[in-house]
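# Architecture at a glance
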Amino acid sequence: MNKKLVVKILFGMVFIAFIISYAIGESGYYEYQLANKKYLTEEQMKKFEEDVKNGSEVDLKDYTVETRIDYTNKFTDLVSNTSMSINKYLKKSIESIFGLLNKVVQE
């Protein structure tokens, strides 16, 4: 492959990444997410202060908000388990091959 072509491809990839990050920044998506987290935090702080004033039992779990969405399903679980099984098999195979090579080199 020509060196100039490789440089052009790398430059193009960096340029595209820059354009995407610039568009995300200008759209305000990141700021929206931060503001939403701040609002939830302020809302939970007010709830906490109200509970302290009322003398209610306070537990940290009652004031945290889970924002992570779980997108897993049966298919993704199957693919993940299959991938893990293949990885275990490949790891054992590679370790045995290198073990044999080690014995050959040592002799």
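All values reported here derive from a predicted model rather than from experimental measurement.

## Let's talk about the overall build of the protein
Broken down by element type, the protein carries three helices and zero strands. Starting at the N terminus and walking to the C terminus, you meet the elements of the protein as α-α-α. Its C-alpha atoms give the protein a radius of gyration of 27 Å, more than 25% over the compact-globule value 13 Å for 107 residues. In the structure as shown, the protein presents an accessible area of about 10,500 Å², 64% of it carried by carbon and sulfur atoms. The centroid of the 15 positive side-chain charges in the protein is displaced by 14 Å from the centroid of its 15 negative side-chain charges.

## Quick notes on the confidence of the model for the protein
Residue-level pLDDT values for the protein average 83, and 93% of them are 70 or greater. Taking the mean pLDDT of every element in the protein, the minimum, 78, falls on helix α2 (residues 29–54) and the maximum, 90, on helix α3 (residues 74–106).

## Observations regarding a nonpolar patch on the surface
Judged by side-chain polarity, Phe11, Phe15, Ile16, Phe18, Ile19, Ile20, Tyr22, Ile24 and Tyr29 come together as a nonpolar surface patch covering roughly 1,000 Å² of accessible area. With eight residues, the single largest contributor to the nonpolar patch is helix α1 (residues 3–27). Structurally, phenylalanine 11 can be placed in helix α1.

## Side note on α1
In this model α1 runs 36 Å from its N-terminal to its C-terminal C-alpha over 25 residues, within 8% of the 36 Å that 1.5 Å per residue would give. Downstream of α1 by a residue or two, glycine 28 has a phi angle that is positive, lying close to 85 degrees.

## Considering α3
The terminal C-alpha atoms of α3, which comprises 33 residues, lie 48 Å apart, in line with the 48 Å expected from a rise of 1.5 Å per residue. In this structure asparagine 73 caps α3, since a side-chain oxygen of it lies 3.0 Å from the backbone nitrogen of phenylalanine 75.

## Notes on the environment of threonine 82
Within the secondary structure layout, threonine 82 lies in helix α3. By relative accessible area, threonine 82 is classed as partly exposed at 37%. The spacing of threonine 82 and glutamate 49 is 33 residues in sequence and 49 Å in space, taken between C-alpha atoms.

## Here we look at the environment of methionine 45
Position of methionine 45 among the secondary structure elements: in helix α2. Here methionine 45 falls in the partly exposed class, since its relative accessible area comes to 45%. Sequence separation of methionine 45 and threonine 64 is 19 residues, and the distance between their C-alpha atoms is 9.8 Å.

Calculation criteria
Residues numbered from 1 in each chain as written. Predicted model: local features only at pLDDT ≥ 70, side-chain atom pairs only at ≥ 80, totals over all residues. Heavy atoms only, no water. Helix = DSSP H or I, 4+ residues; strand = E, 2+ residues; numbered from the N terminus. Rg over C-alpha atoms; globule rule 2.2 N^0.38 Å. Areas by Shrake-Rupley, 256 points an atom, 1.4 Å probe, with all protein chains shown as cover. Lys, Arg positive; Asp, Glu negative; His and termini not counted. Charge placed at Lys NZ, Arg CZ, Asp CG, Glu CD. pLDDT = per-residue confidence, 0-100. Patch = residues over 30% accessible without salt bridge, like charges linked within 9 Å, V, L, I, M, F, W, Y side chains within 5 Å. Salt bridge = Lys/Arg side-chain N within 4 Å of Asp/Glu carboxyl O. Expected span 1.5 Å × (residues − 1). Polar contact = N/O pair within 3.5 Å; in protein donor to acceptor, adjacent residues only side chain to side chain. Buried < 20%, exposed > 50% of the residue type's maximum accessible area, 1.4 Å probe, protein only.

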